[in-house]
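Descriptive analysis of the structure
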Amino acid sequence: MVEQRDVDVRVGAWSFDRAAYDARGDVLHLHRGDPADAVAFDASEEGHGVRYDDQGRVVGLTIVNARWLIDHEGGITVTLTPQRAEGRDIEALVAGAPR
């Protein structure tokens, strides 16, 4: 079992207050607030898991191979596509279409 602990970590513009690291799997989980607040999920260009709240804000990251990336790449990069299309953004496009 991996224990979650309180932290104060920044990754780019995002800050996280909870972390859990699974050394056996080399997976780092970072959260802001309650992990259950995440309602949408995506992946960064590097393949990291990204979790969003209902306002579209990043509330969690899952970094796979965290130690390996630090040891071999010199750090961890998380690249997100500049624009996200949420369901509410595209709803108007399909609202009048026949079903």
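In the block above lies the structure referred to throughout.
This is a predicted model, so every value here is computed, not measured.

**With respect to the environment of V27**
Note on placement: V27 falls in strand β3 (residues 27–31). A residue is classified by how much of its surface remains accessible, and V27, at 15% relative accessible area, is buried. For V27 and W68, which are 41 residues apart along the polypeptide, the C-alpha to C-alpha distance reads 10.0 Å.

**Regarding the pattern of salt bridges**
Any two side chains of opposite charge can pair if their charged atoms end up close together. Under the criterion given, the structure shown has 1 salt bridge. Here R57 makes a salt bridge to D53, at a shortest N to O gap of 2.7 Å. Overall, R57 belongs to the partly exposed group, its relative accessible area being 47%.

Conventions used here
Residues numbered from 1 in each chain as written. Predicted model: local features only at pLDDT ≥ 70, side-chain atom pairs only at ≥ 80, totals over all residues. Heavy atoms only, no water. Helix = DSSP H or I, 4+ residues; strand = E, 2+ residues; numbered from the N terminus. Buried < 20%, exposed > 50% of the residue type's maximum accessible area, 1.4 Å probe, protein only. Salt bridge = Lys/Arg side-chain N within 4 Å of Asp/Glu carboxyl O.

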